Amino acid sequence: MNKIAKSLKKWWEEWAKLDFIILGFGILLVSGYVFYRQENPGLESPLMDVWSNIATDFVIIWLSVRLVDTFLQSREKHHAIRREIVYNLNFFRVQIRELVPKFYPRNLSNLKQELMWGEERLPKRVNHLTPSENEKIIYIFSKLNQLIQTGDELLQSEISISLSRINSEITDDSIQDKREEINDALRSIDTSKDNIKNDILNFRSLISSNEDFFNESDLERLYDYCNLKLSLSDDENYRYHPVPYINGTGLYKIASLKNIEHEWRLLADHPEYDYEKLFELIESSKQSILNDKKLPKKLVSVIMDFFSEVYKFAKCHQKLRAMVDEITILIDDTRFDIMEESELD
């Protein structure tokens, strides 16, 4: 109904006055001829034949002109919409190419809005596309939705990756503070015979509840010290034994973390980045961290999470780039088909 109203409004603005004048004049000629013949039935004159021919030809010619004009306008509208579809596909192409190599959330947001608009408009344009063209565009839209989903996953992965997050979650200082607490507890143990046993038991309980802050070597030394103290606590010849001191962790000295962060940032800036290089670096760094017995378990766990997030990001980025290349080819082929068909219509 809305479409009919728009058509009537357009006709009223463009053709109504001229149609009324010309058709009115044509109807007046025909009506005059019919009336005159009725009033003069026996009149035979060449003028009457000319009159009838002019009247009928006038109306027929105008109707023909209007039909041809309507056809041409419809054809022009058809081609204009097809050209607009080509432009829209080209806009999609530009937007997805902006997602790589450097990924910006605003580009993904723009693509979402444009795709939403395109999916809403497509049913209204289906009459201007061949079935094959319509299927190709629907397929492109489905691929774009998959691309957006991958982009959202990439965004979430990027948020999770940060050495500063590791440093804030379990930093040198936080680990060192816990280890200093243990050292303080060690030094505060009452070495008198009456209290030593209870203090050692309490101290061992403290170690047990904070094992993740220590490496295997530290734990072994601490537990050996506790066992030694307990075994000697009832000894009449109890003697003082040196307290083991726990050193720092050296988180900021772990070069593999810095190397991976450097490579992670490189892949987001270089179109031809070698993903396998980063995957191999992550794997070798994992082994290096796992083999380093001086690192606390909790720190090792957080670093492994960091490696996993970087790996996930790189895989997702690699997938996004491949999808962008694939969709670019699909868009180019579809644009070419629509433009070629338009030329032959």
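Residues numbered from 1 in each chain as written. Predicted model: local features only at pLDDT ≥ 70, side-chain atom pairs only at ≥ 80, totals over all residues. Heavy atoms only, no water.

Some words on the overall build of the protein
Part 1: Along the backbone of the protein there are 12 helices and zero strands.
Part 2: Listing every helix and strand of the protein by position from the N terminus yields α-α-α-α-α-α-α-α-α-α-α-α.
Part 3: Relative to its full complement of 345 residues, the protein shows a buried share of 37%. (Helix = DSSP H or I, 4+ residues; strand = E, 2+ residues; numbered from the N terminus. Buried < 20%, exposed > 50% of the residue type's maximum accessible area, 1.4 Å probe, protein only.)

Focus on the side chain of His317
Part 1: Within the fold, His317 resides in helix α12 (residues 297-344).
Part 2: Within the local environment of His317, its side chain forms a polar contact with the side chain of Tyr275, the two groups lying 2.7 Å apart. (Polar contact = N/O pair within 3.5 Å; in protein donor to acceptor, adjacent residues only side chain to side chain.)

Quick notes on the nonpolar core
Part 1: Counting 48 residues, the largest nonpolar core has Leu144, Leu147 and Phe307 as its most contacted members.
Part 2: Only α3 (46-97), α4 (105-125), α5 (131-160), α10 (255-267), α11 (275-291) and α12 provide two or more residues apiece to this core.
Part 3: Of the residues forming this core, the biggest block, 16 residues, is contributed by α12.
Part 4: When near neighbours in sequence (up to four residues on either side) are disregarded, Leu147 contacts Ile96, Leu99, Leu111, Leu320, Met323, Val324 and Ile327. (Core = buried A, V, L, I, M, F, W, Y, C linked by side-chain atoms within 4.5 Å. Contact = heavy atoms within 4.5 Å.)

Topic: a nonpolar patch on the surface
Part 1: A cluster of nonpolar residues, Val68, Phe71 and Leu72, forms a patch on the protein surface that exposes about 310 Å² of accessible area.
Part 2: Relative to the helices and strands, Phe71 resides in helix α3.
Part 3: On the basis of relative accessible area, Phe71 is assigned to the exposed category, the value being 52%. (Patch = residues over 30% accessible without salt bridge, like charges linked within 9 Å, V, L, I, M, F, W, Y side chains within 5 Å. Areas by Shrake-Rupley, 256 points an atom, 1.4 Å probe, with all protein chains shown as cover. Salt bridge = Lys/Arg side-chain N within 4 Å of Asp/Glu carboxyl O.)

Quick look at the pattern of salt bridges
Part 1: Summed over all chains, the structure comprises nine salt bridges.
Part 2: Residues Arg83 and Glu76 are paired through a salt bridge, measuring 3.0 Å at the closest nitrogen-oxygen approach.
Part 3: The exposure class of Arg83 is partly exposed, given its relative accessible area of 35%.
Part 4: Judged by relative accessible area, Glu76 falls into the partly exposed class, the value being 44%.
Part 5: Across the pair Arg93 and Asp332 runs a salt bridge, and its minimum N-O distance is 2.7 Å. Separated by 239 residues along the polypeptide, Arg93 in helix α3 and Asp332 in helix α12 bring together distant segments of the chain.
Part 6: Each of Arg93, Asp332 and Arg335 takes part in salt bridges that share partners, so that together they form one network.

Some details on the environment of Arg204
Part 1: Its place among the elements puts Arg204 in helix α8 (residues 196-208).
Part 2: Given the relative accessible area of 30%, Arg204 is considered partly exposed.
Part 3: Ignoring sequence-local partners within four residues, the contact set of Arg204 consists of Tyr223, Cys226, Asn227 and Leu230.

Concerning the packing of aromatic side chains
Part 1: If you walk through the whole model with that rule in mind, you get three aromatic pairs.
Part 2: Centroid distance Phe92 to Phe141: 5.7 Å. Interplanar angle 65 degrees. Geometry classified as edge-to-face. Here Phe141 lies in helix α5 and Phe92 lies in helix α3, a separation of 49 residues in the sequence. Phe141 carries the same exposure label as Phe92, and that label is buried.
Part 3: Centroid distance Phe279 to Tyr311: 5.0 Å. Interplanar angle 55 degrees. Geometry classified as tilted. (Phe/Tyr/Trp six-rings, centres within 6.5 Å; stacked < 30°, edge-to-face > 60°.)

Brief notes about α4
For an α-helix, 3.6 residues make a turn, and residues three or four places apart therefore share a direction.
Part 1: For α4, built from 21 residues, the straight-helix expectation of 30 Å at 1.5 Å per residue is met to within 8% by its first-to-last C-alpha distance of 30 Å.
Part 2: Those residues of α4 not exposed but buried are Asn107, Leu108, Leu111, Glu114, Leu115, Gly118, Leu122 and Arg125. (Expected span 1.5 Å × (residues − 1).)

Things to note about α11
Part 1: Across its 17 residues, α11 extends 25 Å between first and last C-alpha, which sits within 8% of the 24 Å expected from 1.5 Å per residue.
Part 2: What α11 keeps buried is the set Tyr275, Leu278, Phe279, Ile282, Ser285 and Ile289. Projection of α11 onto a plane perpendicular to its axis shows the buried side chains occupying an angular sector of 130 degrees, all on one side. Exposed residues pointing more than 90 degrees away from the buried face of α11 are listed as Glu280 and Asn291.
Part 3: Its side-chain oxygen at 3.2 Å from the backbone nitrogen of Glu276, Asp274 defines the N-terminal cap of α11. (Arc of directions from axis to C-beta.)

As for the environment of Val100
Part 1: You can see Val100 is positioned in the loop between α3 and α4.
Part 2: For the pair formed by Val100 and Leu267, sequence separation is 167 residues and the distance between their alpha carbons is 9.8 Å.
Part 3: Those residues in contact with Val100, other than ones at most four positions away along the chain, are Leu320, Arg321 and Val324.

Interpretation note: all reported values are geometric properties and have no functional meaning in isolation.
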